[in-house]
Amino acid sequence: MSYSLSITDHSGYKRITRSAVEWFVTEHKLGRYKFDIDIVVRGLLREGLHGACSVTDSTYRPREFLIELHSGLEREDYISTLMHELLHLKQWLVSDRKERRGKNYWHGKLIDPDTAYEDEPWEQEAFSNEVQLRQQFLTQY
């Protein structure tokens, strides 16, 4: 395995989280990269989030990621959110998304910093694919 995975979860989703990550890495051929994923499942109501993916090392060539998932999600929403955040990890890993000097780039194109969250191209891609990825995963799980 070319990646390391750490899961902190007391909500009962640890096994399906591990399986979903393994499926995603295989499905998207990310095995050629060396990277670390820390997944933390906790209450995110105060932050108003279902999930988040953060780069915890350099955004130049990121290889360390933190994925946080809300512990209060129902199973299907939890898996969709995990797929959404794993898509963000992939975007960083394969350099679809880059950040240089505080500016965001998508496939090499500078993204206006005033772009609304829902209009950011990496969010549009993640939202438009999360349910389909969940369904593909669950048919094989």
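Just so it is clear, the structure is predicted and the values come from calculations on it, not from any experiment.

Colleague: Could you clarify how one ought to interpret the overall build of the chain in this entry?
Modeller: For the chain, the count of helices and strands is 3 helices and 7 strands. For the chain, the succession of helices and strands along the chain, N to C, is β-α-β-β-β-α-β-β-β-α. The buried share of the chain, taken over its 141 residues, is 42%. Within the chain, counting contacts between residues at least 6 apart in sequence, those at least 24 apart form 66% of the total. Accessible surface, the chain as shown: approximately 8100 Å² in total, 45% of it carbon and sulfur. Separation of charge centres in the chain, based on 19 positive and 23 negative side chains, amounts to 7 Å.

Colleague: What is the right way to read the pattern of salt bridges from this model?
Modeller: Any two side chains of opposite charge can pair, so long as their charged atoms come close to each other. A complete count under the given rule lists 3 salt bridges for this structure. Glu47 serves as the salt-bridge partner of Arg42, at 3.1 Å between the closest nitrogen and oxygen. With a closest N to O distance of 2.9 Å, Glu68 and Arg42 form a salt bridge. Of this pair, Glu68 sits in strand β4 (residues 64–70) while Arg42 is found in strand β2 (residues 35–42), placing the two residues 26 residues apart along the sequence. A relative accessible area of 30% means that Arg42 is categorised as partly exposed. The structure contains a network of salt bridges with shared partners spanning Arg42, Glu47 and Glu68.

Colleague: Explanation requested: the layout of surface pockets in the structure shown.
Modeller: Take a probe with the size of a water molecule and roll it over the atoms, and the empty space left behind shows itself. Considered as a void within the structure, the largest pocket measures approximately 350 Å³ in volume. Lining of the largest pocket is provided by 20 residues; of these, Gly51, His84, Glu85, Tyr117 and Phe127 occupy positions nearest its centre. Where the lining of the largest pocket is concerned, the elements lending two or more residues are β3 (51–55), α2 (75–93) and α3 (121–140). In terms of residue count, the dominant contributor to the lining of the largest pocket is α2 (7 residues). Taken together, the residues of the lining of the largest pocket break down into 7 nonpolar, 8 polar and 5 charged.

Colleague: What is the right way to read the sheet that holds strand β6 (residues 103–106) from this model?
Modeller: The 3 strands lie next to each other as β5-β6-β7, forming an open sheet whose pairing is antiparallel. Because the sheet does not close on itself, it has two edges, and the strands there are β5 (97–100) and β7 (109–110). One ladder, built from 4 bridges, connects β5 with β6; its direction is antiparallel. Its bridge partner being in β6, Lys98 is matched across the sheet by Tyr105. In the packing of α3 onto the sheet, contacts are made with β5 and β6, and the angle to β6 comes to roughly 50°.

Quick notes on the rules
- Residues numbered from 1 in each chain as written.
- Predicted model: local features only at pLDDT ≥ 70, side-chain atom pairs only at ≥ 80, totals over all residues.
- Heavy atoms only, no water.
- Helix = DSSP H or I, 4+ residues; strand = E, 2+ residues; numbered from the N terminus.
- Buried < 20%, exposed > 50% of the residue type's maximum accessible area, 1.4 Å probe, protein only.
- Contact = heavy atoms within 4.5 Å.
- Areas by Shrake-Rupley, 256 points an atom, 1.4 Å probe, with all protein chains shown as cover.
- Lys, Arg positive; Asp, Glu negative; His and termini not counted.
- Charge placed at Lys NZ, Arg CZ, Asp CG, Glu CD.
- Salt bridge = Lys/Arg side-chain N within 4 Å of Asp/Glu carboxyl O.
- 1 Å grid on protein atoms, 1.4 Å probe; cavity = no way out; pocket = protein on both sides within 12 Å on 5 of 7 lines; lining within 4 Å.
- Points joined across faces, edges and corners; volume = space filled by probe spheres on them.
- Nonpolar A, V, L, I, M, F, W, Y, C, P; charged D, E, K, R; others polar.
- Pairing = 2+ DSSP bridges.
- Axes fitted to C-alpha atoms, helices over the stretch in contact; angles between N-to-C directions.

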